[in-house]
Amino acid sequence: MHHRVVTESYAIASAVACVIALALAVPVFAASSAKGQRVWLVALAVTQLPMAALTFFAVRVPIVRPLWSRLLEAFDPDAARALAAHDPDVLARSPLLAALLAIEAPLTEELAKLGPLLLALLWPPLRRRFFADDARRVPVALAIGLGFGLGEIWLLAVIGSGAPEVQGLPWYALSGFIVERVMVCGLHGLMTAVAVVQLGRGAARVTAGLLGAMALHVALNLPIVLSHARALGVASETWTMIATLWAQVFLFVMILVARWMHVRRDGKPRSFLGDVRCPTCKQVYARPLMGVNLPWARYEECGRCGTWQWVRASDEVADDLK
Ligand SMILES: [Zn+2]
C-alpha cells in the first residue's frame, strides 16, 4: 500500500502547530531580547530546523539503536530476542531496554541543541559579542528550542503519517498532537537554557549544565516511557494522561526557572520581558507578564501610572539609559 510522506491531516495539524508556536514565541522574543541580538536568535532558530530530523535519521537510527541492541544482547539476551521478534510486551519486561530508550532522546537532542551554538562560539567575533553584552542567555536558548521544536513537528508528522490508524482521520482529530507540540517548542528551549546559561563559566559548569538539561529531559519523558512499559501495573492509557498533566506542570515550573535565570544570572536584576518607557507618564517600568501579545505590540499595564495601553513590542529601554 502506498502512503504519502505526510498525510493531509498531519500537514494541516503541523502547520497549525507551527503558527500557534510562532504566534506565542515572537512577542516573547520581541520583548525579552536585546535589539542587536535578534539576528542571532533568527540564525540559531533556522540552524535548528533540520536538527530533529538529523538527530533521528543520522544518529539515533544508525548509531544509537545498534549500540542499544549490543548492550541488550550482552546484558539482557531474553529481551534482545523478544525485541528481534517484535514482541510488543518487551518494554514491560526489560527495565534495561526501558532505561536505554528513556535516555536516547535526552542524550542526542540536548547535544544537537547545544552543539551549533558551541561551534558558533569558536568564532572570535561571535564569541566576543555573545559574552560581552551579557547576551541574554534565556532568549538564545528559547530560539534554539523553538527552531528544534518546529523541525521536530514535521519529523513526527512524517513518522506519524505511516501509521495505518491515522489514514483518513480529519486534521482536528490531531488536536492532542497540536497542543503537545506547541508546548514542546517551549520546553525544548527551557531545558537547553539550563546549559546555555553556564556557557563561559568553565568546562565543569558547562558539562554540569548539559547534564542538567539531559536529566530534565529524562524527567519530562519519564511518564511516556513508563506508559510503554506499563509500569507499576497501571494501564497505558492512565500513564498517557499522567504524561500530559506532568508536561503541563513541568512547563509551568520551567517557565519560573527560566524567568529566574533571565532576571538574576547576569548580575543586575532585570524584568523578564524587559523595560519600556510609558507613552503616557514617560516613566520606565518593568513589563508585566500579564498582557495581550501581538508580534508587534502588547496591551499591558504601566507599573508606574497604571494606564492600560498598547505599547510597541520592541520599545525597550537600553540598560545604560536606566
Ligand atoms: Zn505610565
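Residues numbered from 1 in each chain as written. Predicted model: local features only at pLDDT ≥ 70, side-chain atom pairs only at ≥ 80, totals over all residues. Heavy atoms only, no water.

A. Spotlight on the sheet that holds strand β5 (residues 308-312). On the basis of which strands lie adjacent, the open sheet formed by 3 strands has the order β3-β4-β5 and antiparallel pairing. Since the sheet does not close on itself, it has two edges, and those belong to β3 (292-293) and β5, each with one partner. Across 5 bridges, strand β4 (residues 297-301) lies against β5 in antiparallel orientation. In the sheet register, glutamate 300 faces β5, and the bridge partner there is glutamine 309. (Pairing = 2+ DSSP bridges. Helix = DSSP H or I, 4+ residues; strand = E, 2+ residues; numbered from the N terminus.)

B. A look at the UniProt feature "transmembrane region" (unreviewed entry) in the chain. Per the UniProt annotation, the sites labelled "transmembrane region" (unreviewed entry) are residues 40-61, 138-159, 171-196, 208-226 and 238-261. In residues 208-226, helix accounts for 100% and strand for 0%; the two terminal C-alpha atoms are 26 Å from one another. Here residues 238-261 is 100% helix and 0% strand, with 34 Å between the C-alpha atoms at its ends. (UniProt positions renumbered as here; feature names shortened; annotations may be inferred.)

C. A look at helix α2 (residues 38-48). For α2, the complete set of buried residues consists of Trp40, Leu41, Leu44, Ala45 and Gln48. Within α2, the buried residues cover an arc of 125° as seen down the axis, which keeps them to one side. More than 90 degrees from the buried face of α2, the exposed residues found are Val39, Val42 and Val46. Residues of α2 that are buried in the fold lie against α1 (8-32), α3 (51-75), α6 (95-120), α7 (124-132) and α8 (137-161). (Buried < 20%, exposed > 50% of the residue type's maximum accessible area, 1.4 Å probe, protein only. Arc of directions from axis to C-beta. Contact = heavy atoms within 4.5 Å.)

D. Seen up close, the domain arrangement of the chain. Domains assigned within the chain are domain 1 (8-264) and domain 2 (275-321). Put simply, the middle of domain 1 and the middle of domain 2, counted by C-alpha atoms, are 32 Å apart. Contacts between the two partners involve 11 residues from domain 1 and, on the opposite side, 9 residues from domain 2. Summed over both partners, the interface of domain 1 with domain 2 buries about 780 Å², with 50% contributed by carbon and sulfur atoms. Three residues stand out in domain 1 for area buried against domain 2, namely Pro27, Ala31 and Lys35, and they jointly supply 45% of the buried area on that side. (Domains from an automatic or database assignment. Buried area = accessible area lost by both parts, 1.4 Å probe.)

E. How the structure looks around the coordination of the zinc ion. At the metal site, the zinc ion is ligated by Cys278 (SG), Cys281 (SG), Cys302 (SG) and Cys305 (SG), and these contacts range over 2.3 Å. If you look at the zinc ion, its 4 donor atoms make angles of 103 to 118° with each other, and the shape they trace is tetrahedral. Positions of the donor residues of the zinc ion along the chain correspond to the pattern C-x2-C-x20-C-x2-C. We classify cysteine 278 as buried; its relative accessible area is 1%. The partly exposed category is assigned to cysteine 281, whose relative accessible area is 23%. (Donors = N, O, S within 2.8 Å, 3.2 Å for Na, K, Ca; no water. Tetrahedral: all angles 85-135°; square planar, octahedral: opposite > 155°, others 65-115°.)

F. Spatial organisation of the environment of alanine 25. By the secondary structure assignment, alanine 25 is in helix α1. Put simply, alanine 25 and leucine 256 are 231 residues apart on the chain and 16 Å apart in space, counted from C-alpha to C-alpha.

G. Representation of the nonpolar core. By size, the foremost hydrophobic cluster in this structure holds 51 residues, and its most contacted members are Leu117, Phe130, Val140 and Val196. Put simply, the parts of the chain that give this core at least two residues each are α1, α2, α6, α8, α9 (175-196), α10 (203-229) and α11 (236-264). Of all the elements, α9 adds the most residues to this core, at 12 residues. One finds Leu72, Ala82, Leu91 and Val225 within the second-largest nonpolar core, a separate group that totals 10 residues. (Core = buried A, V, L, I, M, F, W, Y, C linked by side-chain atoms within 4.5 Å.)

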